[in-house]
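Coordinate analysis (summary)
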Amino acid sequence: MHFGTSWYPEHWPAERWPRDLELMREAGMTVVRLGDFAWSRLEPEEGRFETDWLAEALDQLAGHGLSAVLATPTAGPPVWLTDRYPDTLIVDAQGRRAGHGNRAHGSPSSPRHREHCARIAGVLARRFGRHPAVIGWQIDNELNALSHDEDTRRQFAGWLKARYGTVEALNRAWHLAFWSQEYRDWSQLPIPVGVQHPSLTLAWRRFATTVFRDFVRCQADAIRAHARPGQWISHNVMTAQDDYDLAALAEDLDLVGLDYYVGRLDHPGSGAHHDVVRGLKRRPYWLMEAQPGSACWSQVNNALDRGEARRLAWTAVGHGADAVLFWQWRSSPGGQEQYHGTLVGPDGRPRPFYEEAAVIGRELAAAAPALAGTVPAPEVAVLQGYEDRWAVEAQRHHAGFGPTAYWTSFHRALRLRGLDVDVVVPSTPLDGYRVVVAPTLHLLDDGTGERLLDWVRRGGRLLLGVRTGMKDTENLLLPGRQPGPLAAAGVSVVEYYALPDPVPVAGELLGGRAGRARIWAEWLDPDPAAGAQVLLRYGAAGGWLDGRPAVVEVPLGAGTVTYCGAWLDEDGTDAVVGRLLAGSGIRAPLDVPEDVELCRRVRPDGEQVLVLVSHARERRSVALPEPCTDVLTGVRHEDAVEIAGGDVVVLVPAGDGPRRA
Ligand code: GAL
């Protein structure tokens, strides 16, 4: 368990460094991320490297018992580079080439940019690959933008050629007779801008994934050539910057960092970000950046309330973060982020937030022994594919159909029941899960369909949501009815409707309660021969859907497939999820009220650590099946734990902890 901050020693005189490092230690910090954006100081002129200052900073870190994550500075190309090699500069969708004066202006597809990035990464790795303070590396920073220059377009055409072989094959694969969009030569393939052919847009995003992977690999290879065994390689992502496949990128990394900035902590919405990032490798990750109070780039940069960052830190740890780092340590006197929250002000003195950070530091240290070796081990997965999301996003059909809002509606229902949830891409092996929710497997091939059905036959409980199995992996409509290959289970879709107004739903599943479908509804056709059972029907609204099946459950082998054909309100979604779980035997480790977030981390020997984060204002009582000790206070709780509003407890089965007074 690590606790730390982003530190920019190059912004400050070296005489100041020891004081900063002491203050970090006093706040309980164990790790510092540094180096990101320091290119102009590390290579002030082409080929002239100045790394002594960084060596001194790393030595001082080691001297203070602090570890370091060394970031390559490649998100801040220096002016000598961009001046001499303007081809390294990114070109935006409107054709404007970036200039100097901001960051992330280097083009990840530019061979020359890559060459310079790999070179500086190699220089750093040669010098610091064996430095005792350096435990890991971060490559670049929040990759997300791709250049629209002519060379990148050529690369894209080359990538398409490798995939399709001939333009004729591509014309067929994308059905380009539509609007005379057929191509005759690879040189005619454009970079999609704005509303373009859906298959072209999808291909561009797939290409973006390969560009970012190659970009990261160039640097990773340069680092691995010199890094000592055990030094890991990471990249920091924001879940909202996902116009490329984060899971594919994660395959080349040892560890993923999450940068998470928020106006207000919101359970379970915040937890979804953590579950997405943990799901990228199905392994613990690092909260690489979190705001110490406020950010500086939103509409209203409110400070987190007192105690909110503590809850944020524990939410992260509960969901599987093995480190929490605040960005950044000290306010930089100049630059675009002067207003951002920090722990230390421009005067070098702790700001009010420092005290809360110190509490987090103390608590993480107290819980570290119990958390060592633990991982979240959910039995429930939500499948969330990047390609599905892009395809739906590009053709929402109802402006209110936000794919993220849709899949998180299921995640939310699961989390409010206190269950841990993996959010993983559809290609993830499903063994080990008992329940799988697949909100929108929009682009579905036969192989994936068969794999899912096979898992169901072996006892899995699968919930499918709307717009499932509508298209093939080239983004073409499938010739059969929805849900394509999954229709074999015994339920198919007759028609879909974007709803201007909500439509009533009712049925046994809701008891006598009136439910509502909103935004999207599908008219389902259950196959009685397959044993399909209608769980909810649309009520009378004077339209096509009146009386039609809305939610259908079909037994299949030892499992079940439930097709939820409507975007239901919260109560309806919860009822469907409840039904799914009821037959699975999965239970949350504790019964928690909705405003107490519960996360479980499990040790290899099966012993569990329960993290309870109260988002309530008032005190809450949670019953315990066995006596537990709160590792933060050392207090033992017998048959219930009382949690004050906004408080956190971290429970392990009671050993010899002190008895509650
Ligand atoms: C992140 C970025 C940091 C810093 C931070 C605060 O997205 O990685 O370098 O800019 O935001 O705005």
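Conventions adopted
- Residues numbered from 1 in each chain as written.
- Predicted model: local features only at pLDDT ≥ 70, side-chain atom pairs only at ≥ 80, totals over all residues.
- Heavy atoms only, no water.
- Helix = DSSP H or I, 4+ residues; strand = E, 2+ residues; numbered from the N terminus.
- Buried < 20%, exposed > 50% of the residue type's maximum accessible area, 1.4 Å probe, protein only.
- Contact = heavy atoms within 4.5 Å.
- Areas by Shrake-Rupley, 256 points an atom, 1.4 Å probe, with all protein chains shown as cover.
- Lys, Arg positive; Asp, Glu negative; His and termini not counted.
- Charge placed at Lys NZ, Arg CZ, Asp CG, Glu CD.
- Expected span 1.5 Å × (residues − 1).
- Phe/Tyr/Trp six-rings, centres within 6.5 Å; stacked < 30°, edge-to-face > 60°.
- Core = buried A, V, L, I, M, F, W, Y, C linked by side-chain atoms within 4.5 Å.
- Polar contact = N/O pair within 3.5 Å; in protein donor to acceptor, adjacent residues only side chain to side chain.
- 1 Å grid on protein atoms, 1.4 Å probe; cavity = no way out; pocket = protein on both sides within 12 Å on 5 of 7 lines; lining within 4 Å.
- Points joined across faces, edges and corners; volume = space filled by probe spheres on them.
- Nonpolar A, V, L, I, M, F, W, Y, C, P; charged D, E, K, R; others polar.
- Pairing = 2+ DSSP bridges.
- Axes fitted to C-alpha atoms, helices over the stretch in contact; angles between N-to-C directions.
- Domains from an automatic or database assignment.
- Buried area = accessible area lost by both parts, 1.4 Å probe.
- Salt bridge = Lys/Arg side-chain N within 4 Å of Asp/Glu carboxyl O.
- Near = heavy atom within 4 Å.
- pLDDT = per-residue confidence, 0-100.

Brief notes about the overall build of the protein chain
Helix and strand content of the protein chain: 16 helices and 26 strands. Across its three principal axes, the protein chain shows a C-alpha extent of roughly 80 × 80 × 45 Å. Counting across all 661 residues of the protein chain, residues that qualify as buried make up 59%. Within the protein chain, residue pairs in contact and separated by at least 24 positions form 72% of the contacts whose partners lie at least 6 positions apart. Approximately 25,700 Å² of the protein chain is accessible, and the part contributed by carbon and sulfur atoms is 50%. Side chains of the protein chain give 69 positive and 84 negative charges; the mean places of these two sets differ by 0 Å.

Topic: helix H14 (residues 403-416)
Taking 1.5 Å of rise per residue, 14 residues should cover 20 Å, and H14 covers 20 Å from first to last C-alpha, within 8% of that figure. Counting buried positions along H14 gives 10 out of 14 residues, so the element sits mostly inside the fold. Turning to H14, its buried residues number three or more, namely Pro 403, Tyr 406, Trp 407, Ser 409, Phe 410, His 411, Ala 413, Leu 414, Arg 415 and Leu 416. Taken from the residues just after H14, Gly 418 is the one with a positive phi, measuring 80 degrees.

Notes on the packing of aromatic side chains
Inspection of the entire model under this criterion finds 21 aromatic pairs. Here the aromatic rings of Phe 326 and Phe 353 are separated by 5.1 Å at their centres, their planes lie at 80 degrees, and the arrangement is edge-to-face. Remark: Phe 353 occurs in helix H12 (residues 352-371) and Phe 326 occurs in strand S8 (residues 321-326); sequence separation between them is 27 residues. Note on Phe 326: relative accessible area 0%, which makes it buried. The class of Phe 353 is buried, set by a relative accessible area of 12%. Ring geometry for Phe 401 against Trp 520: centres 5.6 Å apart, planes inclined by 75 degrees, an arrangement best described as edge-to-face. Residue Phe 401 is located in the loop between helix H13 (386-394) and H14, and its partner Trp 520 is located in strand S15 (residues 515-526); the two are separated by 119 residues in the primary sequence. Ring pairs connect the aromatic residues Phe 401, Tyr 406, Phe 410, Tyr 496, Trp 520 and Trp 567, which therefore count as one cluster.

Let's talk about the nonpolar core
Counting 165 residues, the largest nonpolar core has Trp 7, Leu 34, Trp 137, Leu 160 and Trp 314 as the members making the most contacts within it. With residues up to four places along the chain from it excluded, the contact list for Leu 160 reads Gly 165, Leu 170, Trp 174, Trp 186, Leu 189 and Ala 203. The next biggest cluster of nonpolar side chains, apart from the first, holds 26 residues, and it includes Ala 381, Leu 430, Trp 455 and Leu 486.

Notes on the side chain of Thr 440
Positionally, Thr 440 belongs in the loop between strand S11 (435-438) and helix H15 (446-457). A residue is classified by how much of its surface remains accessible, and Thr 440, at 13% relative accessible area, is buried. In this structure the side chain of Thr 440 is engaged in a polar contact, spanning 3.4 Å, whose partner is the backbone oxygen of Val 466.

A word on empty space enclosed by the protein
A full pass over the atoms with the stated rule returns 4 cavities of 30 Å³ or more. Of the voids in this model, the largest cavity is the one considered here, and its volume is about 100 Å³. Around the largest cavity sit Leu 383, Gln 384, Gly 385, Asp 388, Arg 389, Val 392, Pro 403, Tyr 406, Trp 407, Pro 439 and Thr 440, which together line it. Sorting the residues of the lining of the largest cavity by element identifies H13 and H14 as the ones contributing at least two each. Looking at the lining of the largest cavity residue by residue, the classes come out as 6 nonpolar, 3 polar and 2 charged.

With respect to the sheet that holds strand S4 (residues 134-138)
Spatially, S1-S2-S3-S4-S5-S6-S7-S8 is the arrangement adopted by the 8 strands of the closed barrel, whose pairing is parallel. On average, each strand axis in the sheet is tilted by 25 degrees relative to the strand beside it, whichever way the strands run. Contacting strand S6 (255-260), strand S7 (285-290) and S8, helix H11 (residues 308-319) crosses the sheet at an angle of about 150 degrees to S8.

What to know about the domain arrangement of the protein chain
Taken as a whole, the protein chain is organised into domain 1 (19-32 + 254-371), domain 2 (380-581) and domain 3 (596-653). For domain 1 versus domain 2, the distance between C-alpha centres works out to 36 Å. Across the boundary between the two partners, domain 1 contributes 11 residues, which contact 15 residues of domain 2. Buried surface at the junction of domain 1 and domain 2, summed over both partners, amounts to about 1,000 Å²; 53% is from carbon and sulfur atoms. Between Asp 422 and Arg 278 there is a salt bridge; the shortest N-O distance is 2.7 Å. On inspection of domain 1 and its partner domain 2, the count reaches 4 residue pairs in polar contact (both at pLDDT 80 or more). Ranked by the residues each element gives to the side of domain 1 that touches domain 2, the list is headed by helix H10 (residues 269-281), at 7 residues. When grouped by side-chain class, the residues that make up the side of domain 1 that touches domain 2 number 4 nonpolar, 4 polar and 3 charged.

Considering the site of the ligand
As a matter of local geometry, the ligand sits amid Phe 37, Arg 103, Asn 141, Glu 142, Met 238, Asp 259, Tyr 261, Glu 289, Trp 297, Trp 327, Glu 337 and His 340. Between the ligand and Arg 103 there is a distance of 2.8 Å, counted from an oxygen atom to a side-chain nitrogen or oxygen. One nitrogen or oxygen atom from the side chain of Glu 142 is found 2.6 Å from an oxygen atom belonging to the ligand. Within the complex, 97% of the 310 Å² of free accessible area of the ligand lies under protein. For the shell around the ligand, the residue count by class is 5 nonpolar, 2 polar and 5 charged.

Considerations on helix H3 (residues 52-63)
Given a rise of 1.5 Å per residue, 12 residues ought to cover 16 Å, and the 16 Å separating the end C-alpha atoms of H3 matches this to within 8%. All of the buried residues along H3 are Trp 53, Leu 54, Ala 55, Ala 57, Leu 58, Gln 60 and Leu 61. Check the buried side of H3 and you find it contacts helix H1 (17-26), strand S2 (31-34), helix H2 (39-42), strand S3 (67-71), helix H5 (111-128) and S4. Once H3 finishes, Gly 65 follows within two positions and takes phi at roughly 75 degrees, a positive value.

Focus on the pattern of salt bridges
Throughout the structure, instances matching the rule amount to 53 salt bridges. Between Arg 600 and Asp 420 there is a salt bridge, with its nearest N and O atoms 3.8 Å apart. One end of the pair, Arg 600, is in strand S20 (residues 596-602); the other, Asp 420, is in the loop between H14 and strand S10 (421-424), and 180 residues separate them in sequence. Just as Arg 600 is buried, Asp 420 falls in that class too. Within this structure, Arg 205, Asp 242, Asp 243, Arg 389, Glu 393 and Arg 396 form a network of salt bridges that share partners.

Description of the confidence of the model for the protein chain
Per-residue confidence for the protein chain gives a mean pLDDT of 97, with 99% of residues at or over 70. In this model residues 657-661 is a low-confidence stretch, pLDDT under 50, and it forms 14 contacts with partners more than four residues away in sequence or in other chains.

Let's talk about the sheet that holds strand S26 (residues 648-653)
Taken in spatial order, the 5 strands line up as S20-S21-S26-S23-S24 in an open sheet, and their pairing is antiparallel. With partners counted over all chains shown, the strands left at the sheet margins are S20 and strand S24 (636-637), one partner each. Both strand S21 (residues 608-614) and S26 contribute to a ladder of 4 bridges, which runs antiparallel. In the sheet register, Leu 612 faces S26, and the bridge partner there is Val 649.

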